[in-house]
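Coordinate analysis (summary)
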Amino acid sequence: MRLCLAATLPPPAIQSSVTAIVAHRDGSVLFLQPGTSTGTIAHVIVGGRPEHDESPEETLRREVAEETGWLVEPAAIVGFRHFHHLGPPHPALADRPYPDFLQPVYAAVATAHDRDLLLPDETPCDFVDAKWALEVTEVTQRPLLVAALRALGASLRGPGREGAA
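This write-up is about the structure you can find in this document.

Cut-offs applied
- Residues numbered from 1 in each chain as written.
- Predicted model: local features only at pLDDT ≥ 70, side-chain atom pairs only at ≥ 80, totals over all residues.
- Heavy atoms only, no water.
- Helix = DSSP H or I, 4+ residues; strand = E, 2+ residues; numbered from the N terminus.
- Buried < 20%, exposed > 50% of the residue type's maximum accessible area, 1.4 Å probe, protein only.
- Contact = heavy atoms within 4.5 Å.
- Areas by Shrake-Rupley, 256 points an atom, 1.4 Å probe, with all protein chains shown as cover.
- Pairing = 2+ DSSP bridges.
- 1 Å grid on protein atoms, 1.4 Å probe; cavity = no way out; pocket = protein on both sides within 12 Å on 5 of 7 lines; lining within 4 Å.
- Points joined across faces, edges and corners; volume = space filled by probe spheres on them.
- Nonpolar A, V, L, I, M, F, W, Y, C, P; charged D, E, K, R; others polar.
- Salt bridge = Lys/Arg side-chain N within 4 Å of Asp/Glu carboxyl O.
- Phe/Tyr/Trp six-rings, centres within 6.5 Å; stacked < 30°, edge-to-face > 60°.

Observations concerning the overall build of the protein chain
When you go through the protein chain residue by residue, the secondary structure sums to 3 helices and 7 strands. Starting at the N terminus and ending at the C terminus, the protein chain contains elements arranged as β-β-β-β-α-β-β-β-α-α. For the protein chain, buried positions account for 40% of its 165 residues. Taking the contacts inside the protein chain whose residues are at least 6 apart along the sequence as the reference set, 76% of them involve residues at least 24 apart. Total accessible area computed for the protein chain in this model is approximately 8800 Å², and 54% of it derives from carbon and sulfur atoms.

Here is the structure:
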C-alpha cells in the first residue's frame, strides 16, 4: 500500500472504496477502536464500497452512517491509498480493479448522530483529541489525518481525550 496526498478524485475505473477522516466542529477526530480486545491497529479512516450508481459523496455519507451512526458532510479530497496486489487475483476480490486499486480519502465534518443508522456489530468509535489520535493511529494513516485537519481548518490542540459522541 502507498499513500498519496491529492486534491482531486482518481479515475472511477480504479477506485474500490470511498473513505473519510471525520472531524467534529470542535477539532476532535472520529477514532475507531481496534476490532478485538487483542487488536493493535486503531484508526481514523472509515468508509466502504459504493452500491449501485452512488456518487463518491453518497457512498461516503452512507458508509460513515452505517459504520458509526454519524451523518457527515464531505468537505475536501485529501488523498488516496494505493493498493497493489503482489499475487494472483483472489476470487473474493474479483469485483475490485486488479492489480492496482485506489481508495479516495475525504475530509468530512460530522453534523449529527443517529444511532438508528448504525449497522449491528460495527467497530466502536469516539471523538478524541486530534493530537492524541496522531500519536496512536497507524503510522500509514497519519499524513492523511494531518491533511484532513488542515483541509478542515481544525487545530491539533484540543480539550483532551474525552469523547464528544
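Back to the write-up after that little detour.
As for the side chain of His 82
In this fold, His 82 is placed in strand 5 (residues 70-84). His 82 gets classed as buried once you look at its relative accessible area, which sits at 13%. Those residues in contact with His 82, other than ones at most four positions away along the chain, are Met 1, Arg 2, Asp 100, Phe 101 and Leu 102.

A few points about the pairing of strand 6 (residues 100-113)
Judged by how many residues are buried, strand 6 sits mostly within the fold: 10 of 14 residues are covered. Across 5 bridges, strand 2 (residues 18-23) lies against strand 6 in parallel orientation. Each residue of the ladder has a partner; that of Ala 23, found in strand 6, is Val 109. Examined bridge by bridge, strand 5 and strand 6 share 13 bridges and lie antiparallel to one another. Residue pairing for strand 6: Trp 70 is matched across the bridge by His 113.

Some words on the side chain of Gln 141
When you line up the elements, Gln 141 lands in the loop between helix 2 (130-136) and helix 3 (142-152). Not counting residues up to four positions away in its chain, the partners in contact with Gln 141 are His 43, Val 44, Ile 45 and Arg 81.

Focus on the layout of surface pockets
By volume, the largest pocket is sized at about 160 Å³. Residue lining of the largest pocket: 12 residues in total, with Thr 68, His 113, Arg 115, Leu 118 and Cys 125 positioned closest to the centre. Of the residues contributing to the lining of the largest pocket, the split by class is 6 nonpolar, 3 polar and 3 charged.

Quick look at the pattern of salt bridges
Two side chains of opposite charge can pair, provided their charged atoms sit close to one another. Under the defined criterion, the tally for this structure stands at 5 salt bridges. When the shortest N-O distance is used, the salt bridge between Arg 62 and Glu 63 registers 2.9 Å. Because the salt bridges share partners, they merge into one network encompassing Glu 51, Glu 54, Arg 62, Glu 63 and Glu 66.

Side note on the packing of aromatic side chains
Tallied over the full model, the rule gives 3 aromatic pairs. Between Phe 31 and Trp 132 the ring centres are 5.1 Å apart and the planes differ by 65°, which places this aromatic pair in the edge-to-face class. Here Phe 31, found in strand 3 (residues 29-32), pairs with Trp 132, found in helix 2; they are 101 residues apart in sequence, far enough to count as distant. On the accessibility criterion, Phe 31 (2% relative accessible area) is buried. A residue is classified by how much of its surface remains accessible, and Trp 132, at 23% relative accessible area, is partly exposed. Pairing Trp 70 with Phe 127 gives two aromatic rings, centres 4.9 Å apart and planes at 85°, and the pair type is edge-to-face. Here the residue Trp 70 occupies a position in strand 5, and Phe 127 occupies one in strand 7 (residues 125-128), the gap between them amounting to 57 residues. Residue classification places Trp 70 among the buried residues on the basis of a relative accessible area of 7%.

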